[in-house]
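Secondary and tertiary structure notes
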Amino acid sequence: MPTSSTPLVLVSGSGRSGTSSLAGTLKRLGLHVPQPEVEASETNPRGFYEPQWVIDFHKRHLKELALFNIDSRPAAVDIVARHVETGVPTGELHEWLSGQLAEHDHDGDQIVVKDPHAFWFAQVWEVVSAELGADLRWLTALRHPAEVVGSRDIAYLSSQSEELRLTKETSNVAGWVHAALLTEQAGRGSKRAFVRYVDLLADWRTALAPVQQQLELDVNADLSASPEHRDHHPVDDFIEPSMRKSQLTWDDVRTPDWLREMAEEVWQLLGVLTTTPHDVDTLARLDDVHEDYRTRYADAVALTFDHTKAESTLAGRQARDAQRATVQQLRRDLEKARRAPQPAVGGREAAAILRRAVVRRVTRR
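Below or above, wherever it landed, is the structure these notes cover. Just so it is clear, the model here is predicted, and its values are computed rather than measured. (Residues numbered from 1 in each chain as written. Predicted model: local features only at pLDDT ≥ 70, side-chain atom pairs only at ≥ 80, totals over all residues. Heavy atoms only, no water.)

**Here we look at helix 9 (residues 204-215)**
Along its 12 residues, helix 9 runs 16 Å from first to last C-alpha, staying within 8% of the 16 Å computed at 1.5 Å per residue. All of the buried residues in helix 9 are Trp204, Arg205, Ala207, Leu208, Val211, Gln214 and Leu215. Among the structural elements, strand 1 (7-12), helix 1 (19-28), strand 3 (135-142), strand 4 (191-196), helix 8 (197-202) and helix 10 (234-238) are those in contact with the buried residues of helix 9. (Helix = DSSP H or I, 4+ residues; strand = E, 2+ residues; numbered from the N terminus. Expected span 1.5 Å × (residues − 1). Buried < 20%, exposed > 50% of the residue type's maximum accessible area, 1.4 Å probe, protein only. Contact = heavy atoms within 4.5 Å.)

Spelled out as structure tokens, the structure:
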């Protein structure tokens, strides 16, 4: 039976799109972020505003399925769906969320949960929220894909080789397209809103005014006030244009023409949803693009079949060779120890030598 009517705002989408800025803003506007939060880091010094439990929950299940945050593989959707059918993710989220709602089921309480992984488990969030009576609402931060790719390079690939960075640019653009399409689908049928990251940084009040209406939120600021009548607000000290460190364009990203054109179209279509979140024509076109993406991805997989098979074969061979070398070295180490001018080695002594040898070999690798 439903136990709560608390508004639950789920901030999700592609990482490096401004989701942290959005969640941090909502927290300062009076919404509650479940504690404890993920601590700030060098890649996000202003804070993530992510509940630690939720991040651990999503990452643990994605790791078990060998999936990435912005995994470009269409098959990833079915992999998650089969995992959800086990009921394990649903049970875990039900237990955690029921506790949060019990603690914050008071008039005026509103919860914001931000996690760029959440769209993968949209069905779980929908089911659990319905079971508990929580009023689930989706909020998506939009950032141009060229900027997202550049921001991910700055945050995660600065120390990597140029070859890897070039490969990841194409992979990340594809991942952005896939994540954007899946996130949009996740919010269909629910209250939802979209906000451009650049608009949030330029004038957060104007950017969030439609969001407040679309999600029916109560906030502790008058977002409709004209500039001359605005009181200073904590968000003014949090949001500033300098947070937009990556301002790249398509000229700075090397990726196939068709993928660039597709990503640009998805970006433009999602922009329409900032004013009309359920525009029928826009949704139909997004569905067409999604089908085109799946078809092109299948073509790419078929085209690279020999390459993928060869790489897998070589990787397996290298793993077996490394394992064989380790075993041979262990045998040499043990034989050397047995021949040393000292009391005979056996039993516990031999086991200790093996343990030390294994540790030494693993450390070297």
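Next comes the rest of the account.
**Considering the sheet that holds strand 3**
Spatial strand order, 2-1-3-4: 4 strands in an open sheet with parallel pairing. Looking at the sheet topology across the chains shown, the edges are occupied by strand 2 (111-114) and strand 4. For this sheet the average axis-to-axis angle between neighbouring strands, irrespective of direction, equals 20°. Sheet topology places strand 1 next to strand 3; 6 bridges connect them, and they run parallel. Its bridge partner being in strand 3, Leu8 is matched across the sheet by Leu136. (Pairing = 2+ DSSP bridges. Axes fitted to C-alpha atoms, helices over the stretch in contact; angles between N-to-C directions.)

**Let's talk about the packing of aromatic side chains**
Within this structure, the stated rule accounts for 6 aromatic pairs. Geometrically, the ring pair formed by Trp53 and Phe57 is stacked, given 4.9 Å between the ring centres and 10° between the ring planes. Here Phe57 and Trp53 lie together in helix 2 (residues 52-64), a separation of 4 residues that amounts to about one turn. Under the relative-accessibility criterion, Phe57 is labelled buried at 0%. Ring geometry for Tyr293 versus Tyr297: centroids 6.0 Å apart, planes at 45°, classification tilted. Placement of the pair is Tyr293 and Tyr297 together in helix 12 (residues 280-303), with a separation of 4 residues, close to one helical turn. Residue classification places Tyr297 among the partly exposed positions, given a relative accessible area of 23%. Every member of this aromatic cluster is reached through a ring pair, and the members are Trp53, Phe57, Trp96 and Phe121. We note Arg28 situated over the ring of Phe238; from NZ or CZ to the ring centre the distance is 3.9 Å. (Phe/Tyr/Trp six-rings, centres within 6.5 Å; stacked < 30°, edge-to-face > 60°. Lys NZ or Arg CZ within 6 Å of the ring centre and 35° of its normal.)

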